[in-house]
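# Topology and contacts: notes
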Amino acid sequence: EDKVVQSPLSLVVHEGDTVTLNCSYEVTNFRSLLWYKQEKKAPTFLFMLTSSGIEKKSGRLSSILDKKELSSILNITATQTGDSAIYLCAVPPSGYALNFGKGTSLLVTP
Amino acid sequence: DAEITQSPRHKITETGRQVTLACHQTWNHNNMFWYRQDLGHGLRLIHYSYGVQDTNKGEVSDGYSVSRSNTEDLPLTLESAASSQTSVYFCASSAGSLGNEQFFGPGTRLTVL
């Protein structure tokens, strides 16, 4: 059965810390892995990783895909309170729908 | 600017009533999706459509239906609302041809009493 597992489920850090969020997946035919950020509203797209694009970076956020380990990490350096959110990982099991993990809830304290 | 909208944003209804949640996108995307989000479960797929007249069941489709009569709209209907359908509902769309990036609407918070 296709599935996506994220860890930890929740995390509390201090401003300035670096955090690493994990996502492992099982899917029959891997095509891509997506990361989303969700504040108190709709999820917003962060990165998409594929076999031809295993590393992505945007400002203080970066993500790496490890196809051998069937996993991905999302790193956030020099965290800020505005990084507080739920971070979602998703893979398409087939077609264009997405199978989401349960998310990691990150709280950055001042 | 292209966008995806949902209405209503909040809805309270009673058990047994029929409820329809609207989703409208101006991206001209072929693919549209409905998810529900509950604590402890994350986002789960209800129904999806890859084009006009196409609809497909997702992981948690029981008690829900959709229809796609044009590119822009995918309304979600709860035939007979149940308390277990109290949730936040998100609509999303994607072009498909550019990968699997989906754009989400603002969500509808539905409470079934």
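The shown structure was predicted, so the numbers you read here are calculated from the model rather than taken from an experiment. (Residues numbered from 1 in each chain as written. Chains lettered and ligands numbered in written order. Predicted model: local features only at pLDDT ≥ 70, side-chain atom pairs only at ≥ 80, totals over all residues. Heavy atoms only, no water.)

### Quick notes on the state of the cysteines
We apply this condition: Criterion for a disulfide: a pair of cysteine sulfur atoms within 2.5 Å. Secondary structure follows DSSP: runs of H or I at least 4 residues long count as helices, runs of E at least 2 residues long count as strands, and numbering of each begins at the N terminus. When a residue's accessible area, from a 1.4 Å probe over protein chains only, is under 20% of the maximum for its type it is buried; when over 50% it is exposed; and in between it is partly exposed.
Under the criterion given, the structure shown has 2 disulfides over all chains. The residue that forms a disulfide with C23(A) is C89(A), at a sulfur-sulfur distance of 1.9 Å. Sign of the S-S torsion, about -65 degrees for the bond between C23(A) and C89(A), identifies this disulfide as left-handed. Of this pair, C23(A) sits in strand 3 (residues 19-26) while C89(A) sits in strand 9 (residues 85-91), and the two are 66 residues apart along the sequence. We note that C23(A), like C89(A), is buried. Each sulfur of the disulfide joining C23(B) and C91(B) lies 1.8 Å from the other. Classification of the bridge connecting C23(B) and C91(B) rests on its S-S torsion, roughly -70 degrees, and on that basis the disulfide is left-handed. Here C23(B) is found in strand 3 (residues 19-25), whereas its partner C91(B) is found in strand 9 (residues 87-94), with 68 residues between them in sequence.

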